[in-house]
Amino acid sequence: ELISASPVAVTLIAVTPEVTVGQTAVLTAAVFDGPTAVQGANVAVTIISPTGLVSTLTLFDEGELPKGDHLSRDGLYSGVFVPSQLFVTSETGDYTVHASITGYRSGNPDPIFFQRDAGTSVRVVSPCAALTGFIADYGQDDNGNGRYEWLVIEAEAGVNSASTFILQAILK
């Protein structure tokens, strides 16, 4: 138990707490000194895969969407990772995420150092279904007049769990 008079509070959020293998997970750490956003904090994240592989990531408050951060200097430090790229494996399961957050809060007359820890997790699941790559199409003439009444599209899919699926096609 930590008892402190410091009003600096942090939380780590998995914006996308469940992703399909190959999808991007977004992490955000909220770092505030009371109602005020803390600027210039260092947010170092450790990600542990279900089998214990470890990787690191730094979260930023720079307002860069590719890094998952929408607004600069708002106290929300963000970063993205794709588990299958980070660990070079398509491992499903729960990824443990730990953030160590350090920085300085405004103090009179000198800034005051703080250190906080926060955690969350991201679950990686197998896709319900995926196209295998086999796709065929052909016209179908039901009444024998030489004109197609239907365009038939066949697509092979590997299905991991029962569900309702929609296949859409765009004709050009």
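Residues numbered from 1 in each chain as written. Predicted model: local features only at pLDDT ≥ 70, side-chain atom pairs only at ≥ 80, totals over all residues. Heavy atoms only, no water.

A. Expanded view of the environment of valine 82. Structurally, the position occupied by valine 82 is in the loop between strand S7 (76-81) and helix H1 (83-86). Between the C-alpha atoms of valine 82 and glutamine 23, which are 59 residues apart in sequence, the distance is 5.9 Å. Beyond its immediate sequence surroundings of up to four residues, valine 82 is in contact with Gly22, Gln23 and Thr24. (Helix = DSSP H or I, 4+ residues; strand = E, 2+ residues; numbered from the N terminus. Contact = heavy atoms within 4.5 Å.)

B. Summary view of the nonpolar core. Leu27, Val31, Val43, Val45 and Leu59 are the most contacted members of the largest nonpolar core, which totals 26 residues. Counting only elements with at least two residues in this core, the list comes to strand S1 (8-14), strand S3 (25-33), strand S5 (42-48), strand S6 (54-59), S7, strand S8 (93-105) and strand S9 (112-125). The contacts of leucine 59, once residues within four sequence positions are left out, are Leu12, Leu27, Thr28, Ala29, Val43, Val45, Tyr77, Ser78 and Gly79. (Core = buried A, V, L, I, M, F, W, Y, C linked by side-chain atoms within 4.5 Å. Buried < 20%, exposed > 50% of the residue type's maximum accessible area, 1.4 Å probe, protein only.)

C. Molecular detail of unusual backbone geometry. Not every positive phi belongs to a glycine, and arginine 73 is a case in point at roughly 60 degrees. Counting through the fold element by element, arginine 73 comes out in the loop between S6 and S7. Looking at arginine 73, the relative accessible area reads 56%, which means it is exposed.

D. Here's a closer look at the pattern of salt bridges. One pass over the structure, following the stated rule, counts two salt bridges. Note that aspartate 33 and arginine 105 form a salt bridge whose closest N and O atoms lie 3.0 Å from each other. A residue pair is termed long-range when its members are at least 10 positions apart, and aspartate 33 in strand S3 and arginine 105 in strand S8 qualify at 72 residues. Neither aspartate 33 nor arginine 105 differs from the other in exposure class; each is buried. Aspartate 94 is the salt-bridge partner of arginine 123, the closest N and O atoms lying 2.7 Å from each other. Remark: aspartate 94 occurs in strand S8 and arginine 123 occurs in strand S9; sequence separation between them is 29 residues. Here arginine 123 falls in the partly exposed class, since its relative accessible area comes to 39%. (Salt bridge = Lys/Arg side-chain N within 4 Å of Asp/Glu carboxyl O.)

E. Main features of the layout of surface pockets. The space that makes up the largest pocket amounts to roughly 150 Å³. Of all the secondary structure elements, the ones that give two or more residues to the lining of the largest pocket are strand S10 (129-140) and strand S11 (150-159). Ranked by residue count, the leading element in the lining of the largest pocket is S10, at three residues. In the lining of the largest pocket, the residues fall into eight nonpolar, no polar and no charged. (1 Å grid on protein atoms, 1.4 Å probe; cavity = no way out; pocket = protein on both sides within 12 Å on 5 of 7 lines; lining within 4 Å. Points joined across faces, edges and corners; volume = space filled by probe spheres on them. Nonpolar A, V, L, I, M, F, W, Y, C, P; charged D, E, K, R; others polar.)

F. Here's a closer look at the sheet that holds S8. In space, the five strands of this open sheet follow the order S2-S9-S8-S5-S6, with mixed pairing throughout. Looking at which strands have only one partner, the edges of the open sheet turn out to be strand S2 (18-20) and S6. Averaged over all pairs of adjacent strands, the angle between their axes in this sheet comes to 25 degrees, without regard to strand direction. With six bridges connecting them, S5 and S6 associate as antiparallel partners. Bridged to isoleucine 48 within S6 is valine 54. (Pairing = 2+ DSSP bridges. Axes fitted to C-alpha atoms, helices over the stretch in contact; angles between N-to-C directions.)

By themselves, these figures tell us nothing about what the structure is for.
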